[in-house]
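# Residue-level structural notes
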Amino acid sequence: MARITIDIVSDVVCPWCYLGKARLDLAIAEVQDEIGIDVNWRPYRLNPDYPPEGVDHQTELAKKLGGKANMDRAHEQLTSLGREVGIAFDFGAIKVGPNTLDAHRLIHWAGQENRDVQAAVVAGLFKANFEEGRNVGDHRVLIDVAREAGMDEALVSRLLATDADKDHVVSEIDAAQRMGVSGVPFFILDQQYAVSGAQPVEVLVSAFRELAREKLQALNKLN
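The paragraphs below set out a description of the structure included in this document. Note that this is a predicted model, so its numbers are computed, not measured.

Okay, the packing of aromatic side chains next. Inspection of every chain in the model, using the stated rule, returns eight aromatic pairs. Considering the side-chain rings of Y18 and F126, the 4.9 Å spacing of their centres and the 5° angle between planes classify their relative orientation as stacked. In this pair, Y18 is assigned in helix α1 (residues 15-31) and F126 in helix α5 (residues 115-130), connecting sequence segments 108 residues apart. You can call Y18 buried: its relative accessible area is 9%. Centroid distance F89 to F130: 5.5 Å. Interplanar angle 90°. Geometry classified as edge-to-face. In this pair, F89 is assigned in the loop between α3 (68-84) and β4 (96-97) and F130 in helix α5, connecting sequence segments 41 residues apart. Assessed through its relative accessible area of 9%, F89 is described here as buried. Judged by relative accessible area, F130 falls into the buried class, the value being 2%.

A word on a nonpolar patch on the surface. A grouping of L216, L219 and L222 is seen on the molecular surface, where their side chains present a nonpolar patch of about 310 Å² in accessible area. Assignment of secondary structure puts L222 in helix α9 (residues 201-222). Take L222: its relative accessible area is 72%, and that puts it in the exposed class.

In this section: the side chain of D190. Secondary-structure assignment places D190 in the loop between β5 (186-189) and β6 (193-196). Ignoring any residue separated from it by four or fewer positions in sequence, one finds D190 in contact with R3, I4, T5, L211 and K215.

About the criteria used
Residues numbered from 1 in each chain as written. Predicted model: local features only at pLDDT ≥ 70, side-chain atom pairs only at ≥ 80, totals over all residues. Heavy atoms only, no water. Phe/Tyr/Trp six-rings, centres within 6.5 Å; stacked < 30°, edge-to-face > 60°. Helix = DSSP H or I, 4+ residues; strand = E, 2+ residues; numbered from the N terminus. Buried < 20%, exposed > 50% of the residue type's maximum accessible area, 1.4 Å probe, protein only. Patch = residues over 30% accessible without salt bridge, like charges linked within 9 Å, V, L, I, M, F, W, Y side chains within 5 Å. Areas by Shrake-Rupley, 256 points an atom, 1.4 Å probe, with all protein chains shown as cover. Salt bridge = Lys/Arg side-chain N within 4 Å of Asp/Glu carboxyl O. Contact = heavy atoms within 4.5 Å.

And the structure:
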């Protein structure tokens, strides 16, 4: 069985990233009997200038999107697309637009444990923000998500109280931008191919199968 590694550059306050994750999960489930897939989550910040306490989400997003009417139309579209893949977007519940640096630190620490823990943390952060309207810049929320994913609550609390790995996260974001990532989600397949945006399930499945074929052909040539 061929194995593929996917690095996903993403931000936990990006609704298209949440949609992309849900579609990715469905694509992986479709090929799981023929292709092994390992997923690593990489950081990106859509709003790096937001203060640690966050901002009024509804006001700032409406400004960014050119008015409330545009924001509402985007939310209607995303709500419909989300429903197709099991996401219950509740955009009206989101009050705080957070700085996501600490959320990315948590994702990094989860990844140091293993990919399953990291996946659980990422899922928990997306759900907390987009379905429950919780502030994922708040340490209490981050600690709750960590605990629910099986991480050591006391350790995460101590780490969040320090600057641990802030420079690492920022350097990863800088590296992504240097390689041309200007929007998320951004999928890097086996460090060879890039797929940008929340692609449909069938597009992802096709890409996985094509890459797996290439890998097996290359392996057969060596043998």
